[in-house]
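A look at the structure
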Amino acid sequence: MRLILSDFVLVCDEGFGIIENGGVCFDEKIIAVGDASELLAKYKDAQVERLSENSVLMPGLINSHVHLEFSANVATLKFGDFMSWLRSVIASRDELQSECDEEMIARTLQDILKSGVTTIGAISSFGLDLAPCVKSALNVVYFVEVIGSNPAAIDTLFDDFKARFYEAKKLKSGSFFPAISVHSPYSTHPVLARHALDIARAEGVQTSAHFMEAACEREWLDNGGGAMAEFMKAFNPHSKPMSSAKEFLQLFHDTKTLFVHAVQAKDEELDIIAGQGGSIAHCPRSNALLGTHALDIANTAKHGVGLTLGTDGLSSNISLNLWDEMRAAIFTHQNCELEGLAALLLKSATINGAKALALNKGVLSEGYDADIIALKLPQSPKDISQLPLQIILRTGKAEAIYIGGVKR
Ligand code: MCF
Ligand code: FE
């Protein structure tokens, strides 16, 4: 049993409690959180460590959406416009895949861990990331991707998906959770999506989908027009949207799905997501680099949709550091009140991420998994109400990391 004491403890519960001169007592689970002197008096057998000045303890961060298999991208993919990006992905997917090996993914996972992220939601398109994810100290919710729109190829695509999913299922553990991702409404045939989601419900695994990422996706699904239509019609002049946005969401009934991006989602679609108990993965830097719009985070909150935070892959980002992502979000959402925004971002990266991924994590409270990070600020803010903001502005890595109570 360890007892760690710090200047500040960020509980990351619903009320976003902050304890000054606090501590956390834990083994593999959290035993108690509270005032330092009270914990010292109560847990006399604990191995005690007092962190240095300006220290913060908080739950390990959760990056709810990342694509590790695209980690070789630096300047191969075209940024700035969603359709140009998509074309460049299709042109360079094989090249990027061949440049990325298990070693690169293992290194990427290690960097993610050192930043203070203890859990990721990883989209797996090919299965290249399976072994490194299983071996990693990180908790990984491993979303096996199903994708493909050609009706004639549904059986083959489904067989390939099933092979990847059941391979992952064999490796399920206390830190590796197989899950299912339906790529998107424009890329995945609804029959294929339905089959995959039947497996998700039968196996009781988490689900995710890219949804309403770009204005051209909106236009294509709503009326079969726009820049995405031009792209689709180059393959097949008779192509039509495979489902409406609403029909796509309805495929996810009886699942609590993590919908990624959703910057173009309409109010009624947010209501459907909220009604299903789903969440949104917000990836602000990906949205900026692919020329889509900033998510209206006040509106998602108004509709009762839980907000989580993701970096997306290096396919649409310059780092997989979730602190960088939070800082970018601070500069993106200039219409939000700053201190409230900082607290919302930290909740998105902890409690909300854990809820969306159905994990007993993300909060420093009795009974939760002891996934804990220690941070060190250059200076403590004079006014404690600025602490969440200062943490986001000043942190790039964790000083110490515990996963399931084990120091990493
Ligand atoms: O989230 C970003 C942008 N939107 C969609 N897909 C991806 C993103 N980053 C990587 N992807 C992958 C996706 O998983 O790129 C492929 C899929 O395998 C795009 S579809 C040809
Ligand atoms: Fe993505």
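Residues numbered from 1 in each chain as written. Chains lettered and ligands numbered in written order. Predicted model: local features only at pLDDT ≥ 70, side-chain atom pairs only at ≥ 80, totals over all residues. Heavy atoms only, no water.

Coordination of the iron ion (ligand 2) by the protein is provided by His 65 (NE2), His 67 (NE2), His 210 (NE2) and Asp 312 (OD), with metal-donor distances spanning 2.1 to 2.2 Å. Donor residues binding the iron ion (ligand 2) come from one chain and are separated in sequence as H-x1-H-x142-H-x101-D. Here the residue His 65 occupies a position in strand β6 (residues 61-66), and Asp 312 occupies one in the loop between β13 (306-309) and α13 (322-332), the gap between them amounting to 247 residues. One exposure class covers both His 65 and Asp 312, and it is buried. (Donors = N, O, S within 2.8 Å, 3.2 Å for Na, K, Ca; no water. Helix = DSSP H or I, 4+ residues; strand = E, 2+ residues; numbered from the N terminus. Buried < 20%, exposed > 50% of the residue type's maximum accessible area, 1.4 Å probe, protein only.)

By the definition in use, this model includes 16 salt bridges. Here Glu 167 and Lys 170 are joined by a salt bridge, their closest N and O atoms 3.3 Å apart. One end of the pair, Glu 167, and the other, Lys 170, are both in helix α5 (residues 154-170), three residues apart, so they sit about a helical turn from each other. According to the relative accessible area criterion, Glu 167 is partly exposed, its value standing at 38%. Here Glu 325 ties to Arg 285 by a salt bridge, and the two come within 2.7 Å at their closest N and O atoms. Taken together, the residues span a long stretch of sequence, with Glu 325 in helix α13 and Arg 285 in helix α11 (residues 284-289) at a distance of 40 residues. Of the residues examined, Glu 325 reaches a relative accessible area of 0% and is grouped as buried. We classify Arg 285 as buried; its relative accessible area is 10%. Via salt bridges that share partners, Lys 29, Lys 361, Asp 369 and Asp 371 belong to a single interconnected network. (Salt bridge = Lys/Arg side-chain N within 4 Å of Asp/Glu carboxyl O.)

Before going further, it helps to examine the site of ligand 1. Glu 145, His 183, His 210, Glu 213 and Asp 312 are the nearest of the 18 residues found near ligand 1. Here Glu 145 contributes a side-chain N or O atom positioned 2.5 Å from an oxygen atom of ligand 1. Out of a free accessible area of 470 Å², ligand 1 has 97% covered by protein chains. The cavity where ligand 1 resides is the largest pocket. (Near = heavy atom within 4 Å. Polar contact = N/O pair within 3.5 Å; in protein donor to acceptor, adjacent residues only side chain to side chain. Areas by Shrake-Rupley, 256 points an atom, 1.4 Å probe, with all protein chains shown as cover. 1 Å grid on protein atoms, 1.4 Å probe; cavity = no way out; pocket = protein on both sides within 12 Å on 5 of 7 lines; lining within 4 Å. Sits in = over half its atoms within 2 Å of the grid points.)

What follows concerns the domain arrangement of the chain. Looking at the chain, the domain boundaries give domain 1 (2-59 + 362-407) and domain 2 (61-356). Taking only C-alpha atoms, the centre of domain 1 and the centre of domain 2 are 31 Å apart. Facing the 27 residues of domain 1 at the interface are 27 residues of domain 2. Here domain 1 meets domain 2 over a buried area of about 2100 Å², counting both sides, of which 68% is carbon and sulfur. Together, Glu 14, Ile 392 and Ile 403 form the three largest contributors to the area buried by domain 1 at its contact with domain 2, with a combined 28%. The interface formed by domain 1 and domain 2 holds two salt bridges in total. At the boundary of domain 1 and domain 2, one finds eleven residue pairs in polar contact (both at pLDDT 80 or more). Looking at the side of domain 1 that touches domain 2, the elements that each hand over two or more residues are β5 (55-59), β14 (372-376), α16 (387-394) and β15 (400-403). Top element by residues in the side of domain 1 that touches domain 2 is α16. It accounts for six residues. (Domains from an automatic or database assignment. Contact = heavy atoms within 4.5 Å. Buried area = accessible area lost by both parts, 1.4 Å probe.)

Here we come to the side chain of Ser 319. Relative to the helices and strands, Ser 319 resides in the loop between β13 and α13. A distance of 3.3 Å separates the side chain of Ser 319 from the backbone nitrogen of Asn 321, its partner in a polar contact. Engagement of the side chain of Ser 319 in a polar contact is seen with the side chain of Asp 324, the distance being 2.8 Å.

The volume enclosed by the largest pocket comes to roughly 1100 Å³. What lines the largest pocket is a set of 42 residues, and nearest its centre among them are Arg 93, Ile 147, Gly 148, Ser 149 and Ser 187. Looking at the lining of the largest pocket, the elements that each hand over two or more residues are α2 (82-99), β8 (139-146), α5 and α8 (227-235). The element that contributes the greatest number of residues to the lining of the largest pocket is α2, accounting for five residues. There is about 220 Å³ of room inside the second largest pocket. In terms of lining, the second largest pocket is formed by 19 residues, of which the most central are Gln 206, Thr 255, Lys 256, Thr 257 and Gly 277. Contributions of two or more residues to the lining of the second largest pocket are made by α6 (190-203) and α15 (351-356). (Points joined across faces, edges and corners; volume = space filled by probe spheres on them.)

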